[in-house]
Amino acid sequence: MMLDASEIVQPVGLTLTLALIVTLILLLVGTPIAWWLCRTRSPLQAPIAALVSLPLVLPPTVLGFYLLLAFGPNGPGGLLAPLWGARTLAFSFEGLVIASVLYSLPFMVQPLRTAFEALGEEPLEAAATLGAGRWTTFSRVVIPLSRTGYLTGAILTFAHTVGEFGVVLMIGGNIPGKTKLVSMAIYDFVERLEWDKAHILAGGMVLFAFVVITAVMLIDRRVGRVVG
């Protein structure tokens, strides 16, 4: 059977684009959430932390089902979609981005929160003593000292987005060139018994997962040496 390169390249390109966009968004969104969860004494801290962590234990199809309702023409997504000429956020790349941000949120927030908590009070007190404001302290002290948390969060978020299946299936469907990601392409190839194409993508995912795990382990080892 002839191998059509576009059937491989297109899903890979779309998946990498989605993962990059989601990672960049979560670097911005996850930072204030993680900082608030780390510093606040509010009674809302525990329930909000649980809400952020919900995708870790919630079946992707459950989250995808409720997002599908929210993104549909009768949900909030139906009010936003006409802004760019669509009828619904479901089965669109924009819908995939929003769903992926929600689904991958804990993979960014948890490493950042751990890094922020590991800082302690001394660096913040030292910066305050020198007259640094809140933004200066955060940008010049907190962020540099938390770089391993940012690196780990970015790697895990990117990898998790690349490997999505359940939420992608529910929200994006399987539209070539628009919402068909690597996970869906592998599923299609297996259904059509096109094992050679499935092997290419599945083997690439195995290699990608190995690189991600190795990178995270090396980061943890380096942090352990610094702390030790």
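Residues numbered from 1 in each chain as written. Predicted model: local features only at pLDDT ≥ 70, side-chain atom pairs only at ≥ 80, totals over all residues. Heavy atoms only, no water.

Draft legend 1. Main features of the nonpolar core. Counting 35 residues, the largest nonpolar core has Leu18, Phe71, Phe116 and Ile171 as the members making the most contacts within it. Of all the secondary structure elements, the ones that give two or more residues to this core are α1 (5–39), α2 (45–57), α3 (60–71), α5 (93–119), α7 (134–145) and α9 (166–171). (Core = buried A, V, L, I, M, F, W, Y, C linked by side-chain atoms within 4.5 Å. Buried < 20%, exposed > 50% of the residue type's maximum accessible area, 1.4 Å probe, protein only. Helix = DSSP H or I, 4+ residues; strand = E, 2+ residues; numbered from the N terminus.)

Draft legend 2. Looking closely at the pattern of salt bridges. What the rule picks out here adds up to seven salt bridges. The salt bridge partner of Lys197 is Glu7, with a shortest N-O separation of 2.5 Å. With Lys197 in helix α11 (residues 195–227) and Glu7 in helix α1, this pair connects stretches of sequence that are 190 residues apart. Residue Lys197 is classed as buried on the basis of its relative accessible area, which comes to 3%. You can call Glu7 partly exposed: its relative accessible area is 24%. A salt bridge links Glu121 to Arg39; the nearest nitrogen and oxygen atoms lie 2.8 Å apart. Of this pair, Glu121 sits in the loop between α5 and α6 (122–129) while Arg39 sits in helix α1, and the two are 82 residues apart along the sequence. (Salt bridge = Lys/Arg side-chain N within 4 Å of Asp/Glu carboxyl O.)

Draft legend 3. Spatial organisation of the packing of α5 against helix α8 (residues 147–162). Put simply, α5 and α8 touch, their axes get as near as 8 Å, and they point 160° apart. One finds that α5 runs roughly antiparallel with respect to α8. Seen from above, α5 lies across α8 with right-handed handedness. When α5 is examined against α8, the residues Ser100, Tyr103, Ser104, Phe107, Met108, Pro111, Leu112, Ala115 and Phe116 are found in contact with a partner set consisting of Gly149, Tyr150, Thr152, Gly153, Ala154, Leu156, Thr157, His160 and Thr161. The class makeup of the residues in the contact of α5 with α8 is ten nonpolar, eight polar and no charged. (Axes fitted to C-alpha atoms, helices over the stretch in contact; angles between N-to-C directions. Parallel < 35°, antiparallel > 145°, perpendicular 65-115°, else oblique. Left-handed = near helix turned anticlockwise from the far one by under 90°. Contact = heavy atoms within 4.5 Å. Nonpolar A, V, L, I, M, F, W, Y, C, P; charged D, E, K, R; others polar.)

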